[in-house]
Amino acid sequence: MGRVGHAPAAYARHVTGHEYVISFTAVNAVGLDGDEQERLDDALRQMPGIHPVGVVRCDTAARTLMAAFAIPVVQAMAEAARDGGRLAKEVLLAARIPDARLVEMTVRMSDPA
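Residues numbered from 1 in each chain as written. Predicted model: local features only at pLDDT ≥ 70, side-chain atom pairs only at ≥ 80, totals over all residues. Heavy atoms only, no water.

Novice: What is the right way to look at the pattern of salt bridges in this model?
Specialist: Close approach of charged atoms allows side chains with opposite charge to pair. Scanning all chains against the criterion turns up four salt bridges. A salt bridge links arginine 45 to aspartate 41, with the nearest nitrogen and oxygen atoms 3.1 Å apart. Pair noted here: arginine 45 and aspartate 41 are both in helix H1 (residues 36-46), with a separation of four residues, about one helical turn. Its relative accessible area of 45% is what places arginine 45 among the partly exposed residues. For aspartate 41, a relative accessible area of 2% translates into the label buried. Here arginine 82 ties to aspartate 83 by a salt bridge, and the two come within 3.0 Å at their closest N and O atoms. With relative accessibility at 54%, the residue arginine 82 sits in the exposed group. Classification of aspartate 83 as buried rests on a relative accessible area of 16%. A network of salt bridges, in which partner residues are shared, links Asp41, Asp42 and Arg45. (Salt bridge = Lys/Arg side-chain N within 4 Å of Asp/Glu carboxyl O. Helix = DSSP H or I, 4+ residues; strand = E, 2+ residues; numbered from the N terminus. Buried < 20%, exposed > 50% of the residue type's maximum accessible area, 1.4 Å probe, protein only.)

Novice: What's the story with helix H2 (residues 77-94) in this structure? I'm lost.
Specialist: Given 3.6 residues per helical turn, the α-helix brings residues three or four places apart onto the same face. Given a rise of 1.5 Å per residue, 18 residues ought to cover 26 Å, and the 25 Å separating the end C-alpha atoms of H2 matches this to within 8%. Turning to H2, its buried residues number three or more, namely Ala80, Asp83, Gly84, Gly85, Leu87, Ala88, Val91 and Leu92. Contacts from the buried residues of H2 go to strand S2 (19-28), H1, strand S5 (64-72) and strand S6 (100-109). Arginine 96 occupies a position one or two residues after H2 and carries a positive phi of about 60 degrees. (Expected span 1.5 Å × (residues − 1). Contact = heavy atoms within 4.5 Å.)

Novice: Quick question: what am I supposed to make of the packing of H1 against H2 here?
Specialist: A pair of packed helices can be characterised by two numbers: the angle between their axes and the separation between those axes. At a closest axis distance of 8 Å, the pairing of H1 and H2 adopts a crossing angle of 125 degrees. The pairing of H1 with H2 is recorded here as oblique in orientation. For the pair H1 and H2, the crossing hand works out as right-handed. Contact residues: Leu40, Ala43 and Leu44 in H1; Val91, Leu92 and Ala94 in H2. Split into classes, the residues belonging to the contact of H1 with H2 amount to six nonpolar, no polar and no charged. (Axes fitted to C-alpha atoms, helices over the stretch in contact; angles between N-to-C directions. Parallel < 35°, antiparallel > 145°, perpendicular 65-115°, else oblique. Left-handed = near helix turned anticlockwise from the far one by under 90°. Nonpolar A, V, L, I, M, F, W, Y, C, P; charged D, E, K, R; others polar.)

Remember, this is a structural readout, not a statement about activity or role.
Here it is in structure tokens:
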């Protein structure tokens with residue numbers, strides 16, 4: 001089995017009641033060299049308008065990357081899904097992983113409490 005790693009920083013930031021959490025899994029067609037995890041972590045922290053949630057995970061044998069972030073959404077879940085998918089792809093591009101393809105994405109409304 002390949003290296004399964006976690007980014008150095010876990011994000012314990014509280015998600016507010018007006019945010020949706022977008023979790024995604026991407027598979028890289030050409031494999032992973034191990035640096036993608038740190039680059040994805042950096043891209044999540046630097047992308048304006050999103051807040052990283054949890055940890056970035058990377059499985060080099062399965063060529064998969066998993067991450068999550070929160071975004072503020074005023075309208076509805078459909079807006080979060082549309083924006084979340086676009087932002088997930090932008091994060092992958094900012095992390096210099098252009099061949100990664102989104103294979104799974106979930107949109108969860110934050111706990112309003």
